[in-house]
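Observations on chain architecture
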Amino acid sequence: MSTEAISPPRESAPRQGTSLLARALRAATCFAFAPASAAPLAVLRIGLASVLLVQAALVYPALHEIYSQSGILQGSLGDAFLQLDLPRIGWLIALLAPLGLPEATIITATGVVYVLSLAALLAGWRTRLAAGLCWFTHLMLMVTVDITNYGADIFANIFLFYLIWVPSGAALSLDRRRRRASAEPTTAARLGLRVIQIHLCIAYLASGLHKAAGEQWWNGEAIWRSLMLPGYRQLDFSWLAYHPWIAMILGWTVLLIEIGYPFLIWPRLTRRLWVAATVALHVGIAVFMSLGIFGAIMSVLTVAAFAVSAEPGRRSLVA
Amino acid sequence: MGGRGLAPLPRDVVALGPSLGLIGGGHGGRPTGRRRALSGLAVALAHLGVVTLGALQVDLLGGGSLARTVAYYAVLSGADSSYDFFAPRVDARPEASFQVTDATGAVRTEGLAPGANREAAIRVDNIVRLFLLTDEEKVRRSLAASWAGKVFARHPGAESVVFRLEFCDLPSMREYREGKQPSWDLEYQAKFVPQAKLRAAREAPGGTP
């Protein structure tokens, strides 16, 4: 079947309407199911695993301070704030109590499993199993001290979960080299990529609309506070108070990038500009608010989902 | 990728068409493949529906058993996030500090995890936010005492530790231009003394009962 075969006939209005509907539905089918290369999913897998390995190395020195019951959040104080009973390190401790394993050993073992599964995910070795282990151990660490989580952890959780289900090991992986995964374009790769793309659109739109509901993002105060409040402040931006229009324009730019994301990331004409603007936004957050891991994860997500070509047979990775 | 024009449909997509009622008939297709694709689509749409509920900040935990099941799924998959980072306003983060007084009376101030790198420090600082999630004095006191205990462990010779939780009052850009400077608002303060030292002080002549 070709595109011409479903071009709208011209005889009558009802037929034209039906044909337009058929055309739209055909486009929707193609959008969701046209077989795709797994390259974007592989870039997502490699990028996310790389950033999370760096994050794990940074958190490692404080591992026991953060996750142990004799750490900063002692005893069961953290449990008082839990809303849902979900898998956490406390479960493992109770489960392995008959073996007499100390808490410190269990925390270290959880960290080791997490890092090894991240390495396997990075290499694309037993990719889905590695993704499953990564997601589960990451979730356990998140739930154990829920209050410590921030945006980087939330997005890592979301996209590790996706990597269990999408065929990210079908490209740039050991599974591919060992022929455990097929390089053929698949409908699963397309559908998985679409879900990831739409999820990112929802996330950016929601983030932009939540910001737009507050006055601070319109008058520049949000930028001023992000750069000047202790906890975020990296450089002295007090001069900004004498040029408030700069802060105001930056605030509007953030709103434009985030609210515009679901509309301007899709058209070919604006896609590269929006990918670049989104990455620039996150590089800015990384540099000026010292949120490097968050900035790296968010950049990886947009680049993988929208800047890497999923079209079968394309030699270039760039969309 | 998105935004491309209509290309000729590959065979398995054409096979899927009639079952979806999207494309004119005349094509067969393997029922198993179609079922799998349709199941995949249904799951994807349901998942994105949960993602949308999360973004709209719909509270599923307060609902019935089905809503609670969906809430569990949403938490496990991360679909419960509302993405309201730095929104609608950028608030000051609580800053915890500990004033450690040693036997000579010298005072030094430090944080909860001195020397931690930025990624670890973000997590430690976030733990401090627990303070703001409760009004119960007993819980607040327990949190402060447990953190003071960590500081005493680092400084075994300390006479006392004063825990302070403060917020930075950052003036607006206009106020800053008019000369107002950032200041600190005290949210909570508590002094902790090792029990042995407290007992000794009480037993000393003229000590408080």
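Rules used in this analysis
Residues numbered from 1 in each chain as written. Chains lettered and ligands numbered in written order. Predicted model: local features only at pLDDT ≥ 70, side-chain atom pairs only at ≥ 80, totals over all residues. Helix = DSSP H or I, 4+ residues; strand = E, 2+ residues; numbered from the N terminus. Buried ≥ 20, exposed ≤ 12 C-beta atoms within 10 Å, placed from the backbone. Pairing = 2+ DSSP bridges. Contact = placed C-beta atoms within 7 Å. Nonpolar A, V, L, I, M, F, W, Y, C, P; charged D, E, K, R; others polar. pLDDT = per-residue confidence, 0-100. Axes fitted to C-alpha atoms, helices over the stretch in contact; angles between N-to-C directions. Expected span 1.5 Å × (residues − 1). Parallel < 35°, antiparallel > 145°, perpendicular 65-115°, else oblique. Left-handed = near helix turned anticlockwise from the far one by under 90°. Core = buried A, V, L, I, M, F, W, Y, C linked by C-beta atoms within 7 Å. Domains from an automatic or database assignment.

Moving on to the overall build of chain A. Scanning chain A for helices and strands turns up 14 helices and 0 strands. Across its three principal directions, the C-alpha atoms of chain A cover 80 × 60 × 35 Å. Within the span of chain A, comprising 319 residues, buried residues form 47% of the whole.

Residue and element names in this part refer to chain B. Side chains A96, F98 and V100 of strand β1 (residues 95-101) all project onto a buried face; the interleaved residues E95, S97, Q99 and T101 project onto a face where none is buried. In terms of strand pairing, β1 meets strand β3 (residues 160-169) through 7 bridges, oriented antiparallel. Following the sheet pairing, S97 is matched in β3 by R164. Note that β1 and strand β2 (residues 107-110) share 4 bridges and pair antiparallel. If you follow V100 over to β2, its bridge partner there is R108. A loop of 5 residues connects β1 with β2, the two strands running antiparallel in sequence, and G105 in this loop sits at a positive phi of about 90 degrees.

Taken residue by residue, the interface counts 82 residues in chain A and 72 residues in chain B. Broken down by element, the residue count for the side of chain A that touches chain B peaks at 13 residues, all from helix α9 (residues 187-212) of chain A. Looking at side-chain class alone, the side of chain A that touches chain B contains 52 nonpolar, 22 polar and 8 charged residues.

The subject of this paragraph is the confidence of the model for chain B. All names here are of chain B. With 79% of its residues at a pLDDT of 70 or more, chain B has an overall mean of 82. Confidence over residues 1-8 falls short of pLDDT 50; this stretch has 17 contacts with residues more than four positions distant or in other chains. Below pLDDT 50 for its whole length, residues 17-29 participates in 27 contacts with residues either more than four positions away or in separate chains. The ipTM for the predicted assembly is 0.89, set against a pTM of 0.87.

Residue and element names in this part refer to chain A. Confidence in the prediction for chain A averages 90 pLDDT; 90% of positions are at 70 or higher. Within chain A, helix α1 (residues 13-33) has the poorest average pLDDT of any element, 83, and helix α12 (residues 244-264) the best, 98. Below a pLDDT of 50 lies the segment residues 1-11, which in the model reaches 16 contacts outside its immediate sequence neighbourhood of four places, other chains included.

Moving on, we get to the sheet that holds β2(B). Residues and elements named next belong to chain B. Across the sheet, 4 strands lie side by side as β2-β1-β3-β4; this open sheet has antiparallel pairing. Where the open sheet ends on each side, the last strands, each with one partner, are β2 and β4 (183-192). Adjacent strand axes in the sheet meet at a mean angle of 25 degrees when their direction is disregarded. Packed on one face of the sheet, helix α5 (residues 137-154) meets β1, β3 and β4 and runs near 115 degrees to β3.

All names here are of chain B. For helix α3 (residues 65-77), with 13 residues, the first-to-last C-alpha span of 18 Å sits near the 18 Å given by 1.5 Å per residue. For α3, the set of buried residues is V70, A71, A74, V75 and S77. Where α3 terminates, the next one or two residues include G78, which has phi positive at roughly 80 degrees.

One can find L209(A) in helix α9. Looking at L209(A), the number of C-beta atoms within 10 Å reads 18, which means it is partly exposed.

Residue and element names in this part refer to chain A. Where helix α2 (residues 39-59) meets helix α5 (residues 103-123), the closest approach of the two axes is 8 Å, and the angle between their N-to-C directions is 150 degrees. The orientation of α2 relative to α5 falls into the category roughly antiparallel. Considering only the axes of α2 and α5, their crossing is left-handed. Of the residues in α5, those in contact with R45, I46, A49, S50, L52, L53 and A56 of α2 are Y114, V115, L118, L121 and L122.

All right, on to the environment of V124(B) then. You can see V124(B) is positioned in helix α4 (residues 118-128). Remark: the alpha-carbon pair of V124(B) and G179(B), spanning 55 residues in sequence, is separated by 33 Å. Setting aside residues no more than four positions away along its own chain, V124(B) makes contact with A62(A), I66(A), I72(A), L112(B), A113(B) and A116(B).

Turning our attention to unusual backbone geometry. Residue P88(B) is reached from A87(B) by a cis peptide bond, and omega for that bond is -5 degrees. Within the element layout of this structure, P88(B) appears in the loop between α3 and β1. Although it is not a glycine, R179(A) sits at a positive phi angle of roughly 60 degrees. One non-glycine residue with positive phi stands out, namely Q57(B), at about 60 degrees. Following the sequence through the fold, Q57(B) ends up in the loop between α2 (31-55) and α3.

Residues and elements named next belong to chain A. One can describe the packing of helix α13 (residues 268-288) onto helix α14 (residues 292-307) by two numbers: an axis separation of 8 Å at closest approach and a directional angle of 170 degrees. Here α13 lies roughly antiparallel to α14, going by the angle between them. Of the residues in α14, those in contact with R271, V275, T278, V279, H282, V283, I285 and A286 of α13 are G292, F294, G295, A296, M298, S299, T302, V303, F306 and A307. For the contact of α13 with α14, the residue count by class is 11 nonpolar, 6 polar and 1 charged.

A few words now on the nonpolar core. Counting 132 residues, the largest nonpolar core has F159(A), I297(A) and L301(A) as the members making the most contacts within it. Summarising the domain contributions, this core has at least three residues from each of domain 1 (11-77) and domain 2 (95-203) of chain B. The residues contacting F159(A), other than those within four sequence positions of it, are L44(A), L48(A) and L301(A).

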